[in-house]
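Breakdown of the fold
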Protein chains: 2
Amino acid sequence: MADFKTYLSERAQFIDVLLDQWLPAAETRPASLHQAMRHSVLAGGKRLRPVLCMAAAEACGGTKEAASFAACAVECLHTYTLIHDDLPCMDDDDLRRGRPTCHKVYGEAVALLAGDALQALSFELLAKTQQGVHHSHGDMVTELARASGSLHLVGGQVADVEGEGKELALEDLRYIHESKTAALLTASVVLGGMAADATKEQLQGLREFGAATGLAFQIIDDILDVTQPSEKLGKSAGKDVASQKSTYPALMGIEASRAEAQRLTAQAHAALEVFGPYGKRLRDLVDYLLARDY
Amino acid sequence: MADFKTYLSERAQFIDVLLDQWLPAAETRPASLHQAMRHSVLAGGKRLRPVLCMAAAEACGGTKEAASFAACAVECLHTYTLIHDDLPCMDDDDLRRGRPTCHKVYGEAVALLAGDALQALSFELLAKTQQGVHHSHGDMVTELARASGSLHLVGGQVADVEGEGKELALEDLRYIHESKTAALLTASVVLGGMAADATKEQLQGLREFGAATGLAFQIIDDILDVTQPSEKLGKSAGKDVASQKSTYPALMGIEASRAEAQRLTAQAHAALEVFGPYGKRLRDLVDYLLARDY
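The structure reproduced in this document is the subject of the present report. Just so it is clear, the model here is predicted, and its values are computed rather than measured. (Residues numbered from 1 in each chain as written. Chains lettered and ligands numbered in written order. Predicted model: local features only at pLDDT ≥ 70, side-chain atom pairs only at ≥ 80, totals over all residues. Heavy atoms only, no water.)

**Considerations on a negative patch on the surface**
- Together, Asp92 and Glu108 of chain A together with Asp92 and Glu108 of chain B make up a region of like negative charge exposed at the surface.
- Secondary-structure assignment places Glu108 of chain A in helix H6 (residues 108-126). (Patch = residues over 30% accessible without salt bridge, like charges linked within 9 Å, V, L, I, M, F, W, Y side chains within 5 Å. Areas by Shrake-Rupley, 256 points an atom, 1.4 Å probe, with all protein chains shown as cover. Salt bridge = Lys/Arg side-chain N within 4 Å of Asp/Glu carboxyl O. Lys, Arg positive; Asp, Glu negative; His and termini not counted. Charge placed at Lys NZ, Arg CZ, Asp CG, Glu CD. Helix = DSSP H or I, 4+ residues; strand = E, 2+ residues; numbered from the N terminus.)

**A short note on the nonpolar core**
- Counting 161 residues, the largest nonpolar core has Leu282 of chain A together with Leu282 of chain B as its most contacted members.
- Setting aside residues up to four positions removed in sequence, Leu282 of chain A forms contacts with Leu52, Ala55, Ala56, Ala59, Val189, Leu206, Phe209 and Leu272 of chain A. (Core = buried A, V, L, I, M, F, W, Y, C linked by side-chain atoms within 4.5 Å. Buried < 20%, exposed > 50% of the residue type's maximum accessible area, 1.4 Å probe, protein only. Contact = heavy atoms within 4.5 Å.)

**Focus: the interface of chain B and chain A**
- Contact residues are listed per partner, giving 44 residues for chain B and 44 residues for chain A.
- The junction of chain B with chain A conceals about 3700 Å² of combined surface from both sides, 68% of it contributed by carbon and sulfur atoms.
- Of all residues in chain B, Arg29, Leu113 and Ser150 of chain B bury the most surface against chain A, accounting for 15% of the area lost on that side.
- Viewed at the interface, chain A and chain B are joined by four salt bridges.
- A salt bridge links Glu124 of chain B to Arg146 of chain A, with the shortest nitrogen-to-oxygen separation between them at 3.2 Å.
- Our enumeration of links across chain B and chain A arrives at 14 residue pairs in polar contact (both at pLDDT 80 or more).
- Secondary-structure elements contributing two or more residues to the side of chain B that touches chain A are helix H2 (31-41), helix H4 (68-86), helix H6 (108-126), helix H7 (137-148), helix H8 (153-163) and helix H9 (170-195) of chain B.
- Examining the composition of the side of chain B that touches chain A, we find that eleven residues originate from one element, H6 of chain B, more than from any other.
- Split by residue class, the side of chain B that touches chain A holds 23 nonpolar, 13 polar and eight charged. (Buried area = accessible area lost by both parts, 1.4 Å probe. Polar contact = N/O pair within 3.5 Å; in protein donor to acceptor, adjacent residues only side chain to side chain. Nonpolar A, V, L, I, M, F, W, Y, C, P; charged D, E, K, R; others polar.)

**Here we look at unusual backbone geometry**
Residue and element names in this part refer to chain A.
- With omega at -10°, the peptide bond leading from Arg29 into Pro30 counts as cis.
- The backbone of Asp197 shows a phi angle near 60°, a positive value even though the residue is not glycine.
- Mapped onto the secondary structure, Asp197 falls in the loop between helix H9 (170-195) and helix H10 (200-227).
- Residue Asp197 is classed as partly exposed on the basis of its relative accessible area, which comes to 21%.

**A short note on the state of the cysteines**
- By the definition in use, this model includes zero disulfides over all chains.
- Its sulfur unpaired, Cys72 of chain B is 6.6 Å from the next cysteine sulfur, which belongs to Cys76 of chain B.
- With a relative accessible area of 0%, Cys72 of chain B lands in the buried category.
- Free cysteine: Cys102 of chain B, not disulfide-bonded; nearest cysteine sulfur from Cys89 of chain A at 12 Å. (Disulfide = S-S within 2.5 Å.)

**Re the relation of the copies chain B and chain A**
- Of the transformation placing chain B onto chain A, the axial shift is 0.0 Å and the rotation is 180°, giving an RMSD of 0.0 Å. Here the copies are linked by what is in effect a two-fold axis. Closest to the rotation axis within chain B is the C-alpha of His137 of chain B, separated from it by 3.0 Å. (Least-squares fit on C-alpha atoms with pLDDT ≥ 70 in both.)

**A short note on the packing of helix H1 (residues 2-22) of chain A against helix H15 (residues 280-291) of chain A**
Residue and element names in this part refer to chain A.
- Two elements in contact, H1 and H15, have axes separated by 11 Å at closest approach and are oriented at 100°. On the basis of the axis angle, H1 is roughly perpendicular to H15. On H15, the residues that touch Asp3, Phe4, Lys5, Tyr7 and Leu8 of H1 are Arg281, Asp284, Leu285 and Tyr288.
- In the contact of H1 with H15, the residues fall into five nonpolar, no polar and four charged. (Axes fitted to C-alpha atoms, helices over the stretch in contact; angles between N-to-C directions. Parallel < 35°, antiparallel > 145°, perpendicular 65-115°, else oblique.)

**Let's talk about the environment of Ala268 of chain B**
Residue and element names in this part refer to chain B.
- One can find Ala268 in helix H14 (residues 254-271).
- Residue Ala268 is classed as buried on the basis of its relative accessible area, which comes to 0%.
- For Ala268 and Arg283, which are 15 residues apart along the polypeptide, the C-alpha to C-alpha distance reads 7.9 Å.
- Apart from residues lying up to four places away in sequence, Ala268 is in contact with Phe209, Ala212, Thr213 and Val286.

Right under this line is the structure:
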């Protein structure tokens, strides 16, 4: 695991350098907008989606460089959703990745617009990916747009907001987690695969891996929200309880939630069989996610 | 002009039918989100950007059908910016296209997310355009993402918000109008051209036409805001004055503003010379925009 943590932090650093380079400079007009975008994107974070994206490319026999635009695209997209999520009309959160949220520093209007601009940038970066034989830019854009659109990511956010204060059925909570979290994690690995010119079979493996890993990840997030303090999470802890959100631990208890995350992790492992030894990093990643405590 | 108004309304209807068809149905889960998206997109409106997009395709020898996905993409993108613009943290507007604004009906959170989802849908639709020989999906996505990103559309919105209550220099106001309005109008005609497999020369003509037309359009909007009542505009009139925004009439007077719009219109005509008789609809369009009173 020590070795794997080194790998993770090296990959996160690789992405940090590229994001810094590919985001417009802080003084670019209008400066407040570009500062706001950089404030949120360059706040550190685990860079889980980019790391997954690059590891998926490598599992398909490609390089991390081949997937670098796609990796930064999914991180920009993820960051836009965090900025909008934190706005007063949504979760109204002050702390994110251990720093004041975007609207706390730049005001609501600029934060809203920084999120909007990051979504556009995400598609712009994605379209810089070198195309292979099997997947066009059109395929990649379709993948990201669907995963992040009204039927998946944004749809999940709406269902999440509307579910506050209600006790949801497990099935509805699963829909929210699958839409809000698993869809973009899946797109991250699928885009990494596309950037590495994956075969149909490989892409199918990545899709199954992403779906299982994404749901496991969100269940563990639910567990950590009730078991860990804010300092460790780098965001406000206990906010699911505070905003009366249904969570896996609330609906099925902590132990059963852990067992469900374990079952999904095994499912993710099974989906990686098609990659043989090349799937090692993705296997390590899902194990790491299961075991994490922040 | 009567003949041209018929053309315009036929084209708007053509687009209305497609938007209705390509937006997820109102009952699609989550229903509130899809209703909010449909509320704002299907509120009528002149469909100026889609009409420009299709007319540009025809100027390049293509069909309106070839440009139909791109046309709906720019309308979805435009609509997302309207929804976000109307939010309380931005212009805080109650009326849009003669109807209550999205957040007035569906609440702020759902309106915010409906805008986000429309941006994603916009790229998804664009990627359905049939590619020609000269322009790939990558080129199209890059065009739309840049025009709508932090260096253009969103950048212009930020400069606009930050300019409230200040007397701007004409140069700064021009920057705002070029970014906020002209960039997406330009992308609309350029994407129409790309969908019709335009030559380099044609695309350059469309770019110059879009820039001049877009700026003229916004200057006329500024004029109408002070000279026309809300009922005619279908949105709150006098809001530029109310929010202490700099406008062309405020900076250079109504007559000089009209003259500037006329000069830009002549420039737009000149840019169309490369299209010969095929440029007729675009010529009519810019004349119509100059003469409009709503």
